[in-house]
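Architecture and fold: a report
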Amino acid sequence: MTKPAQLGARGKVVLALVLTTVGGFVDAVGYIALFQVFTANMSGNSIHIGMSLSQRDWSDLLRPFCAVIFYVVGMLVTRIAIEIAGRTGFTRIASFTFALEAVLLVGFAHASPRMHLGQLVQLHSPAYFAFVALLSFAMGVQTATLTNFGALNIYTTFVTGTLTKMTESVTRALFWAWDVLRQSGIGHIVRDAAEQKDVREGMMLALVWLAYVAGAALGAVAKARWELRALYFPVALLAILVILDRFLALDVEEERRQTQS
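This structure is a prediction, so every number in the text was calculated from the model and none was measured. (Residues numbered from 1 in each chain as written. Predicted model: local features only at pLDDT ≥ 70, side-chain atom pairs only at ≥ 80, totals over all residues. Heavy atoms only, no water.)

Section: the packing of aromatic side chains
Stated formally: Only the six-membered ring of Trp is used, alongside the rings of Phe and Tyr, when aromatic pairs are assigned; centres must lie within 6.5 Å, and planes under 30 degrees apart are stacked while those over 60 apart are edge-to-face, with the rest tilted. Put simply, DSSP H or I for four residues or longer makes a helix, DSSP E for two residues or longer makes a strand, and each gets a number counted from the N terminus. Residue burial is assigned from relative accessible area. The probe radius is 1.4 Å, only protein chains are included, and a residue is buried under 20% of its type maximum, exposed over 50%, and partly exposed in between.
Enumeration according to the criterion identifies six aromatic pairs in this entry. Geometrically, the ring pair formed by F35 and Y128 is tilted, given 6.1 Å between the ring centres and 45 degrees between the ring planes. Taken together, the residues span a long stretch of sequence, with F35 in the loop between α1 (9-33) and α2 (42-55) and Y128 in helix α5 (residues 126-145) at a distance of 93 residues. According to the relative accessible area criterion, Y128 is buried, its value standing at 0%. Relative to F129, the ring of Y128 lies with its centre 5.5 Å away and its plane at 75 degrees, an arrangement referred to as edge-to-face. Each member of the pair, Y128 as well as F129, is classed as buried.

Below you can see the structure in the form of structure tokens.
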């Protein structure tokens, strides 16, 4: 059987930027709509959990804790699906997972149209926790679907690790530039910088961070203008990826190898 065409290096960069924009957008919309609970940034939720523990505010603790649990469940289900797909030879699992994420986002937008005003559900009600679970599960699905983009491992729903890796790459690039400057002069730095591995990786990681920030900014603006209908924007991007996967397979084999390692 002919192996399906794969994305090239530049295509993977664009894919990482698109998914990171989606991650920032959805997390911003969810944070506003769900009364300051993150649906992708589990570091922030973990801080909220710790603060609630210190104050023995058990009811408030449950809100970020629910997000953490269902985010992890979304990742777990997706990783299991990727492993099963690899074992059975199914090469289009990304189509399924991104379509699932899009359906969950549409479901959230339609099921909770006035939740931001507190008119549909009460804080701490079962319906509220269902909405937290829905959006957090969707972000877990995205996080686990694709993390390998060429030589880089990038999680597209949070950027703490991205900033850490960017700093490491920039540090190595600075020492490379210093060594080249001493040996060959600044002309060689200008000439060779675009091909130097750490320079390229640092620039890509910086772009990923900027895409996340831009996504969050767009999400906040769109939420203010269109309320939860703003989620149709990331849904449209995910739909494009589903279609793309039919022609240029979004490689999840590396994801499977990562799960096994």
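Continuing now.
Section: a nonpolar patch on the surface
For the record, the criterion: Residues enter a patch when their relative accessible area is above 30% and they make no salt bridge; the linking distance is 9 Å between like charges and 5 Å between nonpolar side chains (Val, Leu, Ile, Met, Phe, Trp, Tyr). Note that accessible areas follow from Shrake-Rupley with a 1.4 Å probe, and for residues the cover is restricted to the protein chains shown. When a carboxyl oxygen of Asp or Glu lies within 4 Å of a side-chain nitrogen of Lys or Arg, that pair is called a salt bridge.
Together, L62, F65, I69, F70, V73 and V77 make up a nonpolar patch on the protein surface, roughly 460 Å² of accessible area in all. Within the element layout of this structure, V73 appears in helix α3 (residues 58-88).

Here's the deal with the pattern of salt bridges
All told, the structure shown has seven salt bridges when counted by the stated rule. Ionic pairing is found between R63 and D60, a salt bridge with its closest N-O pair at 3.0 Å. Here the residue R63 and the residue D60 both occupy positions in helix α3, the gap between them amounting to three residues, near one helical turn. According to the relative accessible area criterion, D60 is partly exposed, its value standing at 23%.

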